[in-house]
Each structure stands twice: as structure tokens, then as C-alpha cells.
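Structure assessment
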Amino acid sequence: MRLPWLNAQAEALGSALDSERLGHAPLIHGPSGLGKIELARWLVARILCLDQEGRAPCGACRSCTLLEAATHPDLFTAGIPEEKQQIPVDVVRDLCRGLQLTPSVGRRRVGWIEPAEAMNRNAANALLKTLEEPAPGTWLVLVSHHPERLPATIRSRCQKISVHPPSAEVAMAWLSAQLPDSAQEQLALALAAAGGAPVRALELLRDDDGLAFGLEIRQALLELAHARPVAAAIAEEWAAHPARSWGWIAHWVHQWMGQAMKAPGPAAPGSLPMPVKPEVLARMWQQALEGRQLAESPIRADLLLGKWLLEWSASFPAER
Ligand SMILES: [Zn+2]
């Protein structure tokens, strides 16, 4: 594995497969930016690799070569089609039909669904029969960033594999190896902004504006919370990138929620004025998540952001 913190999990999945303890529908879930897709790809390659003695996909057999070229005839994938928001039913039906065919390379077939929570209701229903009565030698690999949005009928039939953030040491060592020229403080800041998810942190560090934009948002939210003035046009400016802005807003509010739930102590620099009720933060966070979902809709992002910011600044006790 290219991502060291997933090694142990990959190995465990491999031995479960070898000893026939791997459920036919593993559901790999966890926050974004941890490498879930990489782990799922590894598992698919491990299932399909023709060298079944190896502890990792051999990378050289016909199956591995076809996977590398994305032309494996026994791998059936379902994802969100371009210009759609969901995985529609016909995509899942095609996948289920494919899994009924005789495998042409080895003796196994795999269905891949990512992001699984994007299946609409009909698509999820169409999958149920395959989940209930899998053909022998068939696996369904599901990847979900939000498993709570999956219907319970689907979730209960899957073997849940949860991916967790690595320790800060492991994450920092990996980030330093990817970006040997970056300062440790930058790496640590990106890792914190990414909620400990190293792959997401790397994306932020590679995007020149990503981290700076996020920090600008954090600063403005703090100024407002301390009743200090910020540029009136800020909502308009953020509305130019609504999905990214709401994402950062949700991120920082979530981080402050964690702090507000801990025992009150002296306020650290860059913290909110106290006391602030965790339930107020939870509500603001929820609204930010909703804002992000509406980012693609025709609702004017600047109005929505402006309304949120007003409520935000009204949520804090006046400072004496
Ligand atoms: Zn192979």
C-alpha cells in the first residue's frame, strides 16, 4: 500500500479473504481524505489477482494488468454518471447483470459501488437481491463517505470496515515524505485543517489557495464572534466558491464544537468567546452542511452565506 496507515487493515482483509471470512459485501467507510478508495482498490485487486498464494496483488498477472489498464472484464463499476447527482437504478441493474455472467479471466467477479450513499432509493432496492443472494465467487465492494445515508436494508447486509485517521506522527511522516520541501508548521496546519486526514491535507497543501482561503475564513469567523468588524462584502467574496466556503465553515465550526464540549478552561488564542453553547454551534454546523449541499442549486449563495454570517455573529455573548 502506498498509504502506510492502511497496511494493517489491508493485510487483515487479505487474510480474511484467504480464510473465507471476508463477507461478500465489504462496506469501506470513514471520513474523506483517509484513502478509503485506495484500500478498496487494493482489495479488489487482491480478490481478482490470479496469484492466490501472494499476500498482496502480484501486479504482473493478466488480472492485475487488466485492472491497471482499467479494462478488467470481471469488474463491474457503478458511480455517479457525469452531470448527475445520484447513482441511478439502471447503472445498478447493469452491474447486477454483469455479476451474473461467467467470469472470463479468473473464477471471481467484483462489483464496485462508490460513493454508495449516492444510490437513489430505486437503485438501492435493485441492489438488494444481489446482496441477499450473491452468486458464488462474487464480491460487492462498497465505499461510502456517509454510511448513515445508506438505507438500513443495505447497511445490515454489508460487512462494515471502518477506516480511521492515523496518529499525528504517522500522518506527519507521510506528509513530509510527499513534500520534503515544506515547513513542518505548514504540514501540521494542513493536517489540522483536514481533521487529521493525510490525503486531504496533501490536497490542501498542493492547492496554492486552498489552505490560505480556509485560514481567511477562520479568521473572519473569529472576528465576527468577537464582535469585531469584517469587510461587508465577505459573503459575496465567499459566494464565488460556495461549496469550498461552506466546507471550510463547517470544518471550523465542527472543530470549535469539539473545544466547546471539553471542560471550560482559559481561552486559547484563536478560540471563540466563552461561554458558547455547544448546541448553538451544532445548529450552525448543521446549517453549514446544508449550505454545502445547496451549493449546486440555483439558490443565491451570497444570500444564504450572508444570513448564516448574521446568525453566527449574533450567537455570541457581548464582550465586556
Ligand atoms: Zn496479480
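Residues numbered from 1 in each chain as written. Predicted model: local features only at pLDDT ≥ 70, side-chain atom pairs only at ≥ 80, totals over all residues. Heavy atoms only, no water.

1. What about the side chain of Thr-130?
You can see Thr-130 is positioned in helix α5 (residues 121-132). Discounting residues that sit within four places of it in the chain, Thr-130 has contacts with His-24, Cys-96, Leu-99 and Leu-140. (Helix = DSSP H or I, 4+ residues; strand = E, 2+ residues; numbered from the N terminus. Contact = heavy atoms within 4.5 Å.)

2. Digging into the packing of aromatic side chains
Going through the model one piece at a time under the given rule, you end up with 6 aromatic pairs. Relative to Trp-252, the ring of Trp-248 has its centre 5.5 Å away and its plane inclined at 20 degrees; by these criteria the two rings are stacked. Here the residue Trp-248 and the residue Trp-252 both occupy positions in helix α12 (residues 242-261), the gap between them amounting to 4 residues, near one helical turn. Among the aromatic residues, ring-to-ring pairing joins Trp-246, Trp-256, Trp-308, Trp-312 and Phe-316 into one connected group. Stacked on the ring of Trp-252, the Lys or Arg Arg-218 has its end atom at 5.2 Å from the ring centre. (Phe/Tyr/Trp six-rings, centres within 6.5 Å; stacked < 30°, edge-to-face > 60°. Lys NZ or Arg CZ within 6 Å of the ring centre and 35° of its normal.)

3. Comments concerning the coordination of the zinc ion
Every protein donor of the zinc ion is listed here as Cys-49 (SG), Cys-58 (SG), Cys-61 (SG) and Cys-64 (SG), and their distances to the metal cover 2.3 Å. Here the zinc ion binds 4 donor atoms, and the angle range of 103 to 116 degrees at the metal identifies the geometry as tetrahedral. Here the donor residues of the zinc ion share one chain and are spaced in sequence as C-x8-C-x2-C-x2-C. We note that Cys-61, like Cys-64, is buried. (Donors = N, O, S within 2.8 Å, 3.2 Å for Na, K, Ca; no water. Tetrahedral: all angles 85-135°; square planar, octahedral: opposite > 155°, others 65-115°. Buried < 20%, exposed > 50% of the residue type's maximum accessible area, 1.4 Å probe, protein only.)

4. Quick look at α5
End to end, α5 covers 17 Å across 12 residues, agreeing with the expected 16 Å (1.5 Å per residue, within 8%). For α5, the set of buried residues is Ala-123, Ala-124, Leu-127, Leu-128, Thr-130 and Leu-131. Close packing links the buried residues of α5 with α4 (89-100), β3 (109-113), β4 (138-144) and α6 (152-155). Of the residues flanking the start of α5, the one acting as N-cap is Asn-120, its side-chain oxygen 3.2 Å from the backbone nitrogen of Asn-122. (Expected span 1.5 Å × (residues − 1). Polar contact = N/O pair within 3.5 Å; in protein donor to acceptor, adjacent residues only side chain to side chain.)

5. Observations concerning the pairing of β3
With 5 of 5 residues buried, β3 lies mostly within the body of the structure. Side-chain alternation along β3 places Arg-109, Gly-111 and Ile-113 on one buried face and Val-110 and Trp-112 on a second face that is also buried. Bridge count for strand β2 (residues 75-78) against β3 is 4 bridges, and the pairing is parallel. Opposite Leu-75, over in β3, you have Val-110 as the bridge partner. Viewed along the sheet, the connection from β2 through α4 into β3 turns out right-handed. Chirality of the crossover, the property in question, places the unit of β3, α5 and β4 among those that are right-handed. (Pairing = 2+ DSSP bridges. Right-handed = clockwise from strand over helix to strand, strands pointing away.)

6. A look at the pairing of β4
Of all 7 residues that make up β4, 7 are buried, and the element is covered over most of its length. Here strand β1 (residues 26-29) runs beside β4; their pairing, made up of 3 bridges, is parallel. Looking at the pairing, Leu-27 lines up with Leu-142 of β4. Bridge analysis of β3 against β4 gives 5 bridges, and the strand direction is parallel.

7. Regarding the environment of Arg-228
Among the secondary structure elements, Arg-228 is positioned in the loop between α10 (208-225) and α11 (234-239). Along the sequence, Arg-228 and Gln-293 sit 65 residues apart, while their C-alpha atoms lie 29 Å from each other. A polar contact is formed between the side chain of Arg-228 and the side chain of Glu-223, at a distance of 2.7 Å.

8. Quick word on helix α8 (residues 184-193)
Turning to α8, its buried residues number three or more, namely Leu-187, Ala-190, Leu-191 and Ala-193. Axial view of α8: buried residues confined to an arc of 160 degrees, hence all on one face. A positive backbone phi angle near 65 degrees is found at Gly-195, which sits one or two residues after α8. (Arc of directions from axis to C-beta.)

9. A few points about the domain arrangement of the protein chain
Under the domain assignment used here, the protein chain contains domain 1 (4-162), domain 2 (167-206) and domain 3 (213-320). A separation of 24 Å is found between the C-alpha centroids of domain 2 and domain 3. At the interface, 6 residues of domain 2 touch 5 residues of domain 3. Taken together, both faces of the contact between domain 2 and domain 3 bury some 350 Å²; the carbon and sulfur share is 73%. Counting residues per element, the side of domain 2 that touches domain 3 draws most heavily on α8, at 3 residues. The residue makeup of the side of domain 2 that touches domain 3, split by class, is 5 nonpolar, 1 polar and no charged. (Domains from an automatic or database assignment. Buried area = accessible area lost by both parts, 1.4 Å probe. Nonpolar A, V, L, I, M, F, W, Y, C, P; charged D, E, K, R; others polar.)

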